[in-house]
Each structure stands twice: as structure tokens, then as C-alpha cells.
Amino acid sequence: MTLELKGITKRVDGRLHIKETSLRLEPGHFNVLLGETGAGKTSLIKLMAGLDRCASGSILMEGVDVTKQNTQQRNISLVHQFFVNYPHMSVFDNIASPLKVAGMAKSEIEGRVEEAADLLQLRPMLHRRPHELSGGQQQRTALARAIAKESNAVFLDEPLANLDYKLREELRAQLPELFAGRGAVVVYATSEPEEALLLGGQTALMQDGNVTQFGKTADIYRNPADLVSASVFSDPPINSARVTKKGDEIRLDAHVKWTATGEASELADGEYDVAVRPHYVSPVRIADRHVPMTGTVQVTELTGSESSAHFKLGDQSWVSLSQGVHPYQVGEDHEFFMDPDHCFYFLPNGQRAR
Amino acid sequence: MAKITLSNLRHSYYPNPSKPDDYALKHLDLSWEDGGAYALLGPSGCGKSTLLNIISGLLVPSEGKILFDDKDVTHLKPAERNIAQVFQFPVIYDTMTVFDNLAFPLRNRQVDEATVKSRVEAIADMLEVTDMLGTKAAGLSPDNKQKISMGRGLVRDDINVVMFDEPLTVIDPHLKWKLRSKLKELHQELKATMIYVTHDQTEALTFADQVVVMQEGEVVQIGTPVELFERPTHTFVGHFIGSPGMNILPCEVSGGKAMFNGQSITLEGEIEAGEGKSNEIGIRPEHVTIADNGLEAVVSKVSDVGRHNVVEAMVGGTKVASITEESAPNPGESIHLQFDPAKTRLYRDGWIATKSTGA
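Residues numbered from 1 in each chain as written. Chains lettered and ligands numbered in written order. Predicted model: local features only at pLDDT ≥ 70, side-chain atom pairs only at ≥ 80, totals over all residues.

### Side note on the overall build of chain A
Logical step 1: When you go through chain A residue by residue, the secondary structure sums to nine helices and 20 strands.
Logical step 2: Along the three orthogonal principal directions, the C-alpha set of chain A runs to about 75 × 45 × 35 Å.
Logical step 3: Restricting to contacts in chain A with at least 6 residues of sequence separation, those with at least 24 account for 67%. (Helix = DSSP H or I, 4+ residues; strand = E, 2+ residues; numbered from the N terminus. Contact = placed C-beta atoms within 7 Å.)

### Some words on the overall build of chain B
Logical step 1: Within chain B one finds eight helices and 22 strands.
Logical step 2: Overall, the C-alpha framework of chain B stretches about 75 × 50 × 35 Å when taken along its three principal axes.
Logical step 3: Buried residues in chain B amount to 43% of all 359 residues.
Logical step 4: For chain B, long-range pairs separated by at least 24 residues make up 67% of all intrachain contacts whose partners lie at least 6 apart in sequence. (Buried ≥ 20, exposed ≤ 12 C-beta atoms within 10 Å, placed from the backbone.)

### Digging into the pairing of strand β3 (residues 37-41) of chain B
Within a regular strand, the side chains alternate between the two sheet faces.
Residues and elements named next belong to chain B.
Logical step 1: With five of five residues buried, β3 lies mostly within the body of the structure.
Logical step 2: Side chains Ala 37, Ala 39 and Leu 41 of β3 all project onto a buried face; the interleaved residues Tyr 38 and Leu 40 project onto the opposite face, where all are buried too.
Logical step 3: Sheet topology note: the β3/strand β8 (residues 194-198) ladder contains five bridges and is parallel. Of the residues in β8, the one forming a bridge with Leu 40 is Val 197.
Logical step 4: Sheet topology places β3 next to strand β9 (residues 210-215); four bridges connect them, and they run parallel. Residue pairing across strands places Ala 39 opposite Val 211, the latter belonging to β9. (Pairing = 2+ DSSP bridges.)

### Here we look at the interface of chain B and chain A
A common way to report how large an interface is uses the accessible area buried once the components associate.
Logical step 1: With 30 residues of chain B at the interface, the matching set in chain A holds 28 residues.
Logical step 2: Elements with a minimum of two residues in the side of chain B that touches chain A: α5 (173-190), α6 (201-207), α7 (225-230) and β17 (295-304) of chain B.
Logical step 3: Per-element tally for the side of chain B that touches chain A: the top contributor is α5 of chain B, with seven residues.
Logical step 4: Across the side of chain B that touches chain A, the residue classes tally to 11 nonpolar, 12 polar and seven charged. (Nonpolar A, V, L, I, M, F, W, Y, C, P; charged D, E, K, R; others polar.)

### So, the packing of helix α3 (residues 113-127) of chain B against helix α4 (residues 142-154) of chain B
Residues and elements named next belong to chain B.
Logical step 1: The geometry of α3 relative to α4 is characterised by a closest axis approach of 10 Å and an angle of 135° between their N-to-C directions. Taken together, the axes of α3 and α4 are oblique relative to one another. Considering only the axes of α3 and α4, their crossing is right-handed. From α3, Ile 123, Ala 124 and Leu 127 reach across to α4, where they touch Lys 147, Gly 151 and Leu 154.
Logical step 2: Among the residues making up the contact of α3 with α4, the classes are represented as four nonpolar, one polar and one charged. (Axes fitted to C-alpha atoms, helices over the stretch in contact; angles between N-to-C directions. Parallel < 35°, antiparallel > 145°, perpendicular 65-115°, else oblique. Left-handed = near helix turned anticlockwise from the far one by under 90°.)

### Remarks on the nonpolar core
Logical step 1: Among the nonpolar cores identified, the biggest contains 92 residues, and Met 48, Ile 95, Ala 144, Ala 153, Phe 155, Val 186 and Val 187 of chain A are the most heavily contacted of them.
Logical step 2: The biggest single contributor to this core is helix α5 (residues 135-148) of chain A, with six residues. (Core = buried A, V, L, I, M, F, W, Y, C linked by C-beta atoms within 7 Å.)

### Observations concerning the sheet that holds strand β12 (residues 252-254) of chain B
Residue and element names in this part refer to chain B.
Logical step 1: Read from one edge to the other, the open sheet built from three strands follows the order β12-β13-β14, with strand pairing classed as antiparallel. If you trace the sheet from one side to the other, it starts and ends with β12 and β14 (263-265), each paired once. In this sheet, neighbouring strand axes are inclined to one another by 40° on average, regardless of whether the strands run parallel or antiparallel.
Logical step 2: The sheet contact formed by strand β13 (residues 257-260) and β14 spans three bridges and is antiparallel. Each residue of the ladder has a partner; that of Ala 258, found in β14, is Ile 265.

### Quick word on the domain arrangement of chain A
Residue and element names in this part refer to chain A.
Logical step 1: With domains assigned, chain A is organised as domain 1 (3-232) and domain 2 (239-346).
Logical step 2: Relative to domain 2, the C-alpha centre of domain 1 lies at a distance of 38 Å.
Logical step 3: With four residues of domain 1 in contact, the opposing surface of domain 2 contributes five residues.
Logical step 4: In terms of residue class, the side of domain 1 that touches domain 2 is built from three nonpolar, no polar and one charged. (Domains from an automatic or database assignment.)

### Things to note about the domain arrangement of chain B
Logical step 1: In terms of domain boundaries, chain B breaks down into domain 1 (4-230) and domain 2 (242-352).
Logical step 2: Computed from C-alpha atoms alone, the centre-to-centre distance between domain 1 of chain B and domain 2 of chain B is 38 Å.

### Notes on the sheet that holds strand β5 (residues 64-65) of chain A
Residue and element names in this part refer to chain A.
Logical step 1: One open sheet holds the four strands; their spatial order is β2-β1-β4-β5, and the pairing between them is antiparallel. What marks the edges here is a single partner per strand, and that holds for β2 (15-25) and β5.
Logical step 2: By the bridge criterion, five bridges tie strand β1 (residues 3-12) to strand β4 (residues 56-61) in an arrangement that is antiparallel. Along β4, the bridge assignment pairs Lys 6 with Ser 58.
Logical step 3: Sitting on the sheet, helix α1 (residues 41-49) is in contact with β1, β2 and β4, with an inclination near 65° to β2.

### A few points about the pairing of β9 of chain B
Residue and element names in this part refer to chain B.
Logical step 1: Burial analysis of β9 places five of its six residues in the buried class, which makes it a mostly covered element.
Logical step 2: As judged from the five bridges shared by β9 and strand β10 (residues 218-223), these two strands associate in the antiparallel manner. Its bridge partner lying in β10, Val 212 is registered against Ile 222.
Logical step 3: Between β9 and β10, which follow one another and run antiparallel, lie two residues, and Glu 216 among them has a positive phi close to 45°.

### Some details on unusual backbone geometry
Logical step 1: Residue Pro 236 of chain A is reached from Asp 235 of chain A by a cis peptide bond, and omega for that bond is 0°.
Logical step 2: Here Ser 243 of chain B and Pro 244 of chain B are connected by a cis peptide whose omega angle stands at -5°.
Logical step 3: Relative to the helices and strands, Pro 244 of chain B resides in the loop between α8 (235-240) and β11 (247-250).
Logical step 4: Its identity as a non-glycine residue notwithstanding, Glu 166 of chain B has a phi of 45°, on the positive side.
Logical step 5: Considering the arrangement of structural elements, one finds Glu 166 of chain B in the loop between β7 (161-165) and α5.
Logical step 6: One non-glycine residue, Glu 216 of chain B, lies in the positive phi region at around 45°.
Logical step 7: Take Glu 216 of chain B: there are 16 C-beta atoms within 10 Å of it, and that puts it in the partly exposed class.

### Re the confidence of the model for chain B
Logical step 1: Averaged over chain B, the pLDDT score is 92; the fraction of residues at 70 or greater is 99%.
Logical step 2: Interface confidence in the predicted complex, given as ipTM, is 0.82; pTM for the same model is 0.89. (pLDDT = per-residue confidence, 0-100.)

### A short note on the environment of Gln 69 of chain A
Residue and element names in this part refer to chain A.
Logical step 1: Relative to the helices and strands, Gln 69 resides in the loop between β5 and α2 (71-74).
Logical step 2: Note on Gln 69: 14 C-beta atoms within 10 Å, which makes it partly exposed.
Logical step 3: For the pair Gln 69 and Ala 184, spaced 115 residues apart in the sequence, the C-alpha separation amounts to 18 Å.
Logical step 4: If we ignore the near neighbours within four places in the chain, the residues touching Gln 69 are Gly 50 and Arg 74.

Structure, rendered in C-alpha cells:
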């Protein structure tokens, strides 16, 4: 199965809500849609699932145009952020419901339900009702239904968002294995950059109804095409500032400057926006080439293993994220060191400069 | 603001509790200093909401007392306790302006308008919502609504404690850290006693000076974020805090030594005297390194998390996770793992059983 979007758009009240989008989604790995709430992830899923009509463009499943087909005809599964199960049915019947609707033989239904239940560790709960389950088990039931159905495409719309942190971690680690080898195209929407990295596969970055970049997850994280994509794929937010390049020198302000190396040394003289991820801004100098910068510490956070400091550099807010525990005094100036080899440079129009 | 003492608290939802499992809150004895930032951290069903309801007065505990400073408030109604609460979903009046929403808790208590005005303006300034004061709350984004909810919780200066119940659950990740830092800043400025309830380790650890970790109605550890990370007193804390959590490896103990997969493992210190049903070694992925020699392991999975790689490897039949910033080996490769001895602990029946060397 492949799922192909060819220039699809969606309008809401005359305004373009999903801008012209073309994507080719393959099975065998997760296809992640990453973006903030309101970026258009759910809208795009609705179009792919046939719950909404495209204003233009076409959708192909395995080469067949399904643009005009409704959800039932497309043979898809959908798992939402909120646990959707039939409250009056047992877990077994919940998982079996799409198979019964399809008129499948009883023995085959049993086989498929039991296989899915085993994968999701629901076997002992098959006779319970959804309200007798924990949130994690309810969401496992919804996932088991999607697996038992053996649909062509599975859409997972922030399925872990309402689960406890640790539960989320466990289920997230299992998900890619659950769908591996099933031949379905799996689309997973999330607003968490780290989740996209953990799921791997391919990622489409979304902002404001646009897919800004699409490719192998780790590649687009390391190689953002534009400043928007770099920002969408960063948590905490990526640091950025306007710099001027002249000869070998890159200057951020009166105090902060460094020598252009690698990709940057090829750039023409002029103005650029530099962006650098928080873990390449450290409170200790790791190497001589690291660029010192002094900022006023505004907020510090400690997660046990990592420390972060939000500091003011000129009128910009910057974040440093580092391993270990660092003592910062809020309100005081502190020296930070930026790794210039991990800076991205963008043209004033936002495109990557190279 | 007040110091809060929870003394010998127990709570059961059953009328005649007879066994430990009948208690949603098994036993709790602690005190929180005036002006501190505290977090209650644990999974769903660990008893944190029960505890929150007892502090706010929605529940009267089966046993024990709650003191605000030295005053026994155990049987006082919520309204008589002078507390403020911020919930998971923003509680604001859509038809009112932001100003009127913030002013509501004050006007409710017949505070004079001049004071109302100065308090609301001060809070709005701290929250950076001054330019929204005149707008109706209905049109605000979810994070701004939650900001206003927080502001309502913080606007009174005569309250004993402000309680936050999963306040960031509905907020987008990229805005979460903003609200988190805002809250931290407000705590530093207002010096209010704040209790933050969450299942999210990052929120708990970044917000609180001291975190209370709960599991199945019991407090398993109270400590600073660094203490919880560095030396968990229980395997549950080791597992729950950290991403991925601590490696908990079944081991044999004989002659004062811990044996894992047939090899002796150097621990942080001597093993405490005693016997138990199970022994486990606890070591965080951050303290497991890939080296030229050490425990033999086969890589089973590598996750590239951007700022580092999480390498999972099988030592015999046991999975061990390691965090490395270097380039990672490939699945199927044979590698050697080393544990930092100063960070390697022994747990007996879940509880720490090595003597700390103070490192």
C-alpha cells in the first residue's frame, strides 16, 4: 500500500486551511506529522481518511484515485487522542466490531481479535467493559481494533497525548513493532518533536496548513530546509539571531563573533539568520572553538539529569540545555558557549543558505 | 502563606478498611515550608488526587490531621481554608473580560476596587497579559486561558497555598515550557507556597524545590530533583524519573557481592545487612558507557533522539539501556558495557540496600 497526496487543499470559510500538499506515504515505517496545535495535522488526516472533502487535488491509494470515496470505501482505521470505544460492548466486541460489520466469519473474527489482544496485552481483559479499564488499556483497545481490522491505512492522531508519561513511553516504544510487517501505511500526528525522533521513519513538518519539509526523520532534524522547519522540529525552541558575515568573520553583536567554518565559510558576505539547538549552547567551554556569549539568566530548570537556562542575549531569548547540574543565579549575567559547527544559516527569506 | 503539616494521614474510600490495600492513601507524614515549591508526582491511581482533595478540604481523611501553620484545618470546608486551585482545564468566565476574570476572586471577598485594580494590574504585568485586560476571555487561545486561570489562583495575597492540578496537560509542548518558566518566575516573585500535582516528571522536576513521589498510595521518596535522579531510594523512582528510566537488573547476592549475568559488579558501597526476596542492580542509562571491555552485550535497538542516542543491548537475557553522545553502534553488533561504580546501587525488594559513600 502507498498513499499519495497530489496537490490537495482544503478551504474553510473561503480561506485556504490546508495549502497545496503533495506527499507520498509508504508502508514499513511510521509517517509522522509534526506540528503545533492548529498547524493542520488533524485536518490533513481527515482528508486522507475521507472524513473531509478536498477543495482540489487528488488522493491515491495503491495508485487508485479515492478522492471521491467515503471513509468506509477507503478501508482505513483511525485512533484519536480521546479514547473512543463502545461503552456498552466488551473489549472483545469493541475489537471485533469492524470485522462484524464487514460480515466476517465468526472463527476468523475470533482469531484476529485474539492475535491483536495478545499483541496489546489485552487477553485477560477481553470480557471487561471499557469503563473497567485504565486509560492505557482503553487506548490499547482502540489500537487493537485498528490492528485486527487489517486496514490499508492507519491514522493515529496524537494517540498517546492523554496517557501518563511513563505509559506513553512504553506504548510509544511498542507502536512501531506492532505495525511492522502489516503492509498498512501508518500516519502518526504529534506535537512533540522528541516523539517524532523516537518513532523514526519519515516526518512531515507542518505549520500553518503547510508541509514545510518531508523526509527521513533524523535527516530533516539534522538538515532543516528553512528556519520554520528548524523551529517546528525543536523543543526547547531553537535559538536564533540575525548575524552579519564579512570575509571569515560572522558577527552577532558587538561582543559575539566567530570564524566561519565548514558550510558557513562558503557563504557570500551579507546578512543571515543563525539558528542553533539548545544543547549546543553550554554553560561550560567544551572546546576552544566554542563561541563565548554573555546573557542574563531569566529562568533555570533542572530535570535531574539535565539543566536548562533561559537567558537574554540582547533582545533575544536563548536557551541552553546541558547534561548535569549547573548552578545559575537568576537575574545575573552568565557566560555561555555556543558550538559554531552546529549552527544553521538561513537567508533573510527563511530559506537555508548554502 | 502557610507552612503545611500532614500528620499521620491515612485515607480509605471504604467504610471499614481492614487491610493495607483498602487505603487509597496508606500513611503520610510530612511538612511543607512556607513559600516552598512542591510537586506531587506519580502515575494515575497513585493517590495524588486523593491527597490534593484532602489538602483542599474536598475530602476528610479517615485518619490524621492537616495543619496550616499550627492551625488544625482537617475539618474545615474548602472555602474556609483560604486556598486557591488551578485545574487541568482553564476555569474562566468566557463572557467576562480578562480584567474581570482576574478580579473575580478579590471582588468575591469584597476587596475594595482600588486594591483590586492594583493587584490585577500587578499580576497581569507578571503574566505579560496587560494588553489583553480589556478583551473578553472567550477569544483567547488555550494557553492564554490557562495563564489567566493561573493568574486567578495567584491574585489574592492572603491565601495559604496555591494548588495546581495537572495545569499544563492541555497545553502544546512548545508553550508548556513558557508557562512552566512563567510559573517558576511567579513563584520566585510571590514567594507563595505552591503544590503542583502531575504525572509528568519534567513538569515536577523543573517546577519544584522538593518532589514527593507516590506509588499505590504510598510516598516512596521525597527529595530534590537531583536527589531523585542521582540516588533513587526505590526502584519505582529510578524507573519513573528519567527517560528512559533507570536500568533495573535482576542479580544474585553472595558473599557481599552482586553477581549479574555471572559477573561480579562493583557497587557504590557495601551492601546493607539483611535478606530479601529479590535483589536488583540499579544503574541509570546515563552512567552506562560503551567501552573496549566490560560486560558483553549485543545491541538490540538504537534510538536517535537528536541530542543523544539511546542504545539498548542484551546482556544475556536482560536488556540494558545506555545513553551515548558518541556515534552509536548498529543493531546486532557485539559491544562491551561498563557501569560507573559510584552510581551503581543495589536494591533489595525494591528499596536501596547499598551504603552511600557520600559521592
